[in-house]
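Given next are the chains, with one letter for each unit.
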Amino acid sequence: MQIEKDGYPNPEKQGNFGGCLFTVVLLFIFLGFFPLFNSPSKTEVPYSQFRSQIREGKVGEVIVGKNKVEYFLKTDLEKAKKSQSGKITRPEQVYVTVPLPEDQTLPKLLEDNNVKFGVRPNGSGGNWIFAALGWFIPPLLFFLIIGWFASRVQSGGGSNPLDATKSKARVYLGDANGAITFADVAGIDEAKAELQEVVDFLKNPDRYTQIGAKIPKGVLLVGPPGTGKTLLAKAVAGEAGVPFINVSGSEFIEMFVGVGAARVRDMFEQAKQLSPCILFIDELDAIGKSRSDGGVFASSNEEREQTLNQMLTQMDGFEANTGIIIIAATNRPEILDQALLRPGRFDRQVVVDRPDKLGRLAILQVHTRQIQLQENIDLSLIAARTPGFAGADLANLVNEAALLAARNHREAVTIADFNEALERVIAGLEKKSRVLNETERKIVAYHECGHAIVGALVSGQVEKISIIPRGVGALGYTLQLPQEDRFLMLEGELRGRITTLLGGRSAEEVVFGQVSTGASDDIQKATDLAEQAVTVYGMSQKLGPIAMEKPQSSFLGSPNARRSVSSIVAAAIDREVKEIIENAHHQAILILKTNRDLLEEMTQHLLEQEVLEGEELHSYLNRVKAP
Ligand code: ADP
Ligand code: MG
Ligand code: ZN
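Nothing here was measured: the structure is a model prediction, and the numbers come from that model. (Residues numbered from 1 in each chain as written. Chains lettered and ligands numbered in written order. Predicted model: local features only at pLDDT ≥ 70, side-chain atom pairs only at ≥ 80, totals over all residues. Heavy atoms only, no water.)

(A) Spatial organisation of the overall build of the chain. Counting its secondary structure elements, the chain contains 24 helices and 16 strands. A total of 627 residues make up the chain; the buried ones form 41% of that total. Here the analysis covers contacts within the chain between residues at least 6 apart in sequence; of these, 75% occur between residues at least 24 apart. Per element, the accessible surface of the chain, about 35000 Å² overall, is 56% carbon and sulfur. (Helix = DSSP H or I, 4+ residues; strand = E, 2+ residues; numbered from the N terminus. Buried < 20%, exposed > 50% of the residue type's maximum accessible area, 1.4 Å probe, protein only. Contact = heavy atoms within 4.5 Å. Areas by Shrake-Rupley, 256 points an atom, 1.4 Å probe, with all protein chains shown as cover.)

What follows is the structure in structure tokens.
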């Protein structure tokens, strides 16, 4: 600490520096303006008068400027000489005249009459003050700014620009971090088991070094957002009882080339002093992006490249077994530079995936530890209804449920709170304020019943239908929650999903003979699914199992890019997609026409109640007939 402080200017020097500067400024200004106070008086005369005065021998000295001529009379010159013997001074009275443009005869006239004449060095006179200020102000500003920065250093507060090269790592010492352990991480048992080994390296390094084994330097956690990567890294430090140095990849990159590299160096220095420790780099992709891609813009990534190079060098630079283990996290492993992944750097990759049903139950148990639950609440029901949820989503769900219970002045959280919270998370908040008119309500009610009836026949359980507006755009919704985790979807199921999505719009067609704008989201989803069936899953008979899209991100679920296909294939894709959609649409209409009476009955009930669920809903849906 003390050593670092020495680098800063000390407070006393600061004060003096500031003071000196001030006197210098004053002096300059004073000198600069002093001549203004006794500047000579100028009299303008016509050019013709000037010429005749020369001829009469009255003119003593002439200064020829660009657009004007200044001169002194012989009598004034003599007076000035007399008044101050010794010193050369200029007379008070200056005459100014404007010559005719390009008058070439003036020099000859002056020579003939023996007048002293010359030209001012830069052509124009009198502006030397501004010239001086022009030279003087920029450095002044420069010094003022430096002084200001320096004074901020001295006051020690806030971020310090001279500190730019310091890493922004946050350090959590062993005990302070002790709060988080493996007990707080659930549902990702494989990842935990892998990291258990790291804890062992940190706790008993001797066991490994005696045998001559090299302890790995880096572990890379990859997985979708919210699955607990950051949490896991903290837990490793907590379990091993070592300091946890936390830094995010994006904190290295600055506008200035070289800053990131300096920060990386600084971070490793810090780690060496704290070893054994965990150095955690979150969002590694911010610096670790592959150097090969970047295309035309590659040169603009100078800073990131230097930072990455420094990172590679530093990782090679420290010896194995020094007790520093680097854990990095990313959700885009596919874009990382290959050099980062080779043995000796991040050679271990641990996948932290979304939890399965048992995992979700375990996570729910962790997060409900501090929460008052109603006695017989069955968390496994909630776990079953939340496939695809990551740890962060579940933590959020528990909190929403607890908030709801508190808002309703309940002592404990009930299953109903969880169900409502789940709907909120999936479909958004209820919007009671969005009031629909009678026609709109009717359209929405038929639409939702259409989804439910078609869904019941071709794609399994429907849990709830509602015409209470929710979230951003939903006027009504049909809730179809899966009962178990599915890892595959059969072709028939996929087509069934598309048919269900089109059920709403089909109901509008069957009942009203025309469609509304409310089905756009359904259509979007149905088309996406149909396109994926053709281009990703190879479900089209005509095109066969040929991949037509490039996978882009395995964890973030961003849309894929088309491979370059010929226009013939592109047209074929479009045709196949259209056919799938048309078939589904046709089937939905058929189902609804077959069940027309049921549709009417259900819709009337839904309009009265706004919500249909549970037994009531099932008694309707059990009556759905296949066409
Ligand atoms: P990531 O870094 O993978 O994006 P985080 O570790 O930041 O996700 O997780 C955010 C929060 O979600 C954690 O603080 C924790 O409360 C909760 N969480 C995520 N995964 C788990 C898990 N496996 N077990 C318990 N809680 C979890
Ligand atoms: Mg994270
Ligand atoms: Zn719909």
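Back to the write-up after that little detour.
(B) Region of interest: the packing of helix H17 (residues 391-407) against helix H18 (residues 415-427). At their nearest, the axes of H17 and H18 sit 8 Å apart, and the two run at 120° to each other. In terms of orientation, H17 lies oblique with respect to H18. For H17 against H18, the interelement crossing comes out right-handed. Packed against H17, whose contacting residues are Asn396, Leu397, Val398, Glu400, Ala401, Leu404, Ala405 and Arg407, the element H18 presents Asp417, Phe418, Glu420, Ala421, Leu422, Arg424 and Val425 at the interface. Of the residues contributing to the contact of H17 with H18, the split by class is nine nonpolar, one polar and five charged. (Axes fitted to C-alpha atoms, helices over the stretch in contact; angles between N-to-C directions. Parallel < 35°, antiparallel > 145°, perpendicular 65-115°, else oblique. Left-handed = near helix turned anticlockwise from the far one by under 90°. Nonpolar A, V, L, I, M, F, W, Y, C, P; charged D, E, K, R; others polar.)

(C) Representation of the site of ligand 1 in the model. Taken together, 15 residues lie near ligand 1, and Ala186, Gly226, Lys229, Thr230 and His367 sit nearest. One of the backbone N or O atoms of Ala186 is found 2.8 Å from a nitrogen atom in ligand 1. In the environment of ligand 1, an oxygen atom lies 2.8 Å from a nitrogen or oxygen atom belonging to the backbone of Gly226. Protein contacts shield 78% of the accessible area of ligand 1, which totals 560 Å² for the unbound molecule. Mapped by element, the contributors of at least two residues to the shell around ligand 1 are helix H10 (229-240), helix H15 (357-367) and H17. No other element matches the three residues that H10 contributes to the shell around ligand 1. When grouped by side-chain class, the residues that make up the shell around ligand 1 number seven nonpolar, six polar and two charged. Lining the shell around ligand 1 are residues from two domains, each supplying at least three of them: domain 2 (170-351) and domain 3 (357-427). (Near = heavy atom within 4 Å. Polar contact = N/O pair within 3.5 Å; in protein donor to acceptor, adjacent residues only side chain to side chain. Domains from an automatic or database assignment.)

(D) Local environment of the coordination of the zinc ion (ligand 3). In this structure, His447 (NE2), His451 (NE2) and Asp522 (OD) serve as the protein donors to the zinc ion (ligand 3), at separations of 2.0 to 2.1 Å. For the zinc ion (ligand 3), the single-chain donor residues occur in sequence as H-x3-H-x70-D. Taken together, the residues span a long stretch of sequence, with His447 in helix H19 (residues 438-458) and Asp522 in helix H21 (residues 520-535) at a distance of 75 residues. An identical accessibility class is assigned to His447 and Asp522; each is buried. (Donors = N, O, S within 2.8 Å, 3.2 Å for Na, K, Ca; no water.)

(E) Focus on unusual backbone geometry. One non-glycine residue, His409, lies in positive phi territory at about 55°. Note that His409 resides in the loop between H17 and H18. Even without being glycine, Glu610 reaches a positive phi, approximately 70°. With respect to the helices, strands and loops of the structure, Glu610 is situated in the loop between helix H23 (596-609) and strand S16 (611-613).

(F) View of the packing of aromatic side chains. With the rule as written, the count across this model stands at seven aromatic pairs. The interplanar angle of 90° and the centroid separation of 5.5 Å between the aromatic rings of Tyr446 and Phe512 together place this pair among those described as edge-to-face. Of this pair, Tyr446 sits in helix H19 while Phe512 sits in helix H20 (residues 491-512); the two residues are 66 residues apart in sequence, bridging distant segments of the chain. Here the aromatic residues Tyr47, Phe50, Tyr71 and Tyr95 are joined through ring pairs into a cluster of three or more. (Phe/Tyr/Trp six-rings, centres within 6.5 Å; stacked < 30°, edge-to-face > 60°.)

(G) The arrangement of the sheet that holds strand S9 (residues 277-282) in detail. The strand order across the open sheet formed by six strands is S6-S8-S9-S10-S7-S11, and the pairing between neighbours is mixed. Two strands close off the open sheet at either side, each with one partner strand: strand S6 (170-172) and strand S11 (348-351). Pairs of neighbouring strands in the sheet enclose a mean axial angle of 20°, with direction left out of account. Bridge count for strand S8 (residues 244-248) against S9 is five bridges, and the pairing is parallel. Bridge pairing in S9 links Val247 to Ile281. Along the sheet, helix H8 (residues 189-203) makes contact with strand S7 (218-222), S9, strand S10 (324-330) and S11, crossing S11 at roughly 140°. Across the sheet, H10 touches S7, S8, S9 and S10, and the angle it forms with S9 is around 170°. (Pairing = 2+ DSSP bridges.)

As far as function goes, none of this settles anything; it's purely spatial.
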